[in-house]
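Spelled out, the chains give:
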Amino acid sequence: MLLVKRGANVTIVARNETKLKEAAEEIRAFQVSRDQKVIYISADCASPSGTKEAIKKASDEHNGQIPYHVFLCAGQSLPGMFIEQDPSVFERNMNINYLGSVYTAHESARLMAENGVHGSITFVSSVLGFFGLVGYSQYVPTKYAIRGLADSLRNELKAYGINVHCYFPATILTPGYDEENKTKPNITKEIEGTDEGQTPEVCAQKMLDGLDRGEYFIASDPLGWIFRSSCSGLAPGNNIISDTILSLVGWVALPIWRTYADYLVKASSKQNNKTKTH
Ligand SMILES: NC(=O)C1=CN([C@@H]2O[C@H](COP(=O)(O)OP(=O)(O)OC[C@H]3O[C@@H](n4cnc5c(N)ncnc54)[C@H](OP(=O)(O)O)[C@@H]3O)[C@@H](O)[C@H]2O)C=CC1
Ligand SMILES: CCCCCCCCCCCCCCCC(=O)[C@@H](N)CO
C-alpha cells in the first residue's frame, strides 16, 4: 500500500490465491497513476522452484523489469513447549522462515547482480532474532538464522551495489498472530503480555521510514531499539548517540528482565507440578 502510494509497481506473493486477489484489489485503490501495475502471484516461497517461477513471472508481468526492492515477509510461528512438540515442527518452521528467505534472496540477488540492478533486499526477522523466550524454541532459531544471512549478505552483496536491510518487529497484530496464540503456552502469553503490539500498518510505515534513513537494522518499538543497539555485533549502527544510550539502557534493564522472566518460568513449573500431584 505504502509503496503503491509512492508510485511503485508492486507484486505480492503468497500461497492463498483468494486472499491475494482481495489484497491486490485493496492495494490498487491507492494507485497514483494509471500506468502503475499491482499484480499478485500464488507461490510457495519455501520451495526453490516456486520462488524462481514467482520472480520470473513478476519480471515478465512488469515488462521484464527485475524487482528493485524485495521484501521477505513470508513466515510463520508455531509456538509450543520444546519437549512437547514433534521434532518435525522444527524442520517445518526452518523451511518456511529461513529457507524461504534464502531461496527468495538468492534468486533476487542473482538476477539483480546479473542485470546490474542496484536494488535492495529487506529481510523480516523479529525481536526474537535477538533473544530467546519460553515456547518459541522452534521459531527463534529461524529468526537468528535470518539475521545471520542478512549480516553475511550485507557485506557480500556490496560487490553488486545491492543494499541489504533487516527488520526486527515485536508483536504485530496480524492474522498470523491470532493463529499462533491458539497453541501458545500460557507462560509465553504471560511474558509476552507486556508487549501491546502494533498494527501491520504502523510496522510497515516504520520499516519504510528505516529504509528511507538507510538503516541496516530496523526496529519499530522500544524493545526492538534496545535489542538492536545491545546485540548489534558487526552491524552498522543507526545513530551513535542514541545507540550508545540505548545499549546502556539494555545493559541495566536486560539482566533485570531476564531474572524476572526466569522467575516466571520457574514459578509456572511449580504451579504445574502442584496441579499434577494433587
Ligand atoms: N505477528 C507478529 O507478532 C510478528 C511477526 N513477525 C514476522 O513477520 C512476518 C509476517 O508475519 P505475520 O504477518 O504475523 O503473519 P501472517 O500469517 O499474518 O502472514 C504471513 C504471510 O506470509 C504468507 N506465507 C506464509 N508462508 C508462505 C510460503 N511458504 N510461501 C509464500 N507465502 C507464505 C502468508 O500467505 P499464505 O498463507 O497464503 O501463503 C501470509 O500472507 C513473518 O516473517 C513473521 O515471522 C515478526 C515479529 C512479530
Ligand atoms: C528492557 C527490557 C524490557 C523487556 C520487556 C519484554 C517484554 C517481552 C516481550 C516479548 C515480545 C515477543 C515478541 C514476539 C514477536 C514474534 O516474533 C512472534 N509473535 C512470532 O510471530
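Residues numbered from 1 in each chain as written. Chains lettered and ligands numbered in written order. Predicted model: local features only at pLDDT ≥ 70, side-chain atom pairs only at ≥ 80, totals over all residues. Heavy atoms only, no water.

As named in an unreviewed UniProt entry, the protein is 3-dehydrosphinganine reductase, taken from Mycoemilia scoparia. Taken verbatim from the UniProt record of the protein, the Subcellular location (unreviewed entry) comment is "Endoplasmic reticulum". (UniProt positions renumbered as here; feature names shortened; annotations may be inferred.)

Caption draft 1: Expanded view of the pattern of salt bridges. This structure, assessed with the given rule, holds nine salt bridges. Of the charged contacts, one joins Glu107 and Arg110 as a salt bridge, the two residues approaching to 3.1 Å between their closest N and O atoms. Taken as a pair, Glu107 and Arg110 lie in helix H4 (residues 88-114) at a separation of three residues, close to a single helical turn. The class for Glu107 is buried, based on a relative accessible area of 7%. You can call Arg110 partly exposed: its relative accessible area is 31%. In this structure, the salt-bridge partner of Glu192 is Lys184, at a minimum N-O distance of 2.8 Å. (Salt bridge = Lys/Arg side-chain N within 4 Å of Asp/Glu carboxyl O. Helix = DSSP H or I, 4+ residues; strand = E, 2+ residues; numbered from the N terminus. Buried < 20%, exposed > 50% of the residue type's maximum accessible area, 1.4 Å probe, protein only.)

Caption draft 2: Fine view of the site of ligand 1. Neighbouring ligand 1 are 24 residues; Arg15, Asn16, Asp44, Tyr139 and Thr174 lie closest to it. Within the backbone of Asn16, one N or O atom sits 2.8 Å away from an oxygen atom of ligand 1. Within the contact set of ligand 1, a nitrogen atom lies 2.8 Å away from a side-chain nitrogen or oxygen of Asp44. Here ligand 1 has 870 Å² of accessible area as a free molecule, and 80% of this is covered by the chains. Per-element accounting of the shell around ligand 1 gives the leading share, three residues, to helix H6 (residues 175-181). Class assignment of the residues belonging to the shell around ligand 1 gives a composition of 14 nonpolar, seven polar and three charged. (Near = heavy atom within 4 Å. Polar contact = N/O pair within 3.5 Å; in protein donor to acceptor, adjacent residues only side chain to side chain. Areas by Shrake-Rupley, 256 points an atom, 1.4 Å probe, with all protein chains shown as cover. Nonpolar A, V, L, I, M, F, W, Y, C, P; charged D, E, K, R; others polar.)

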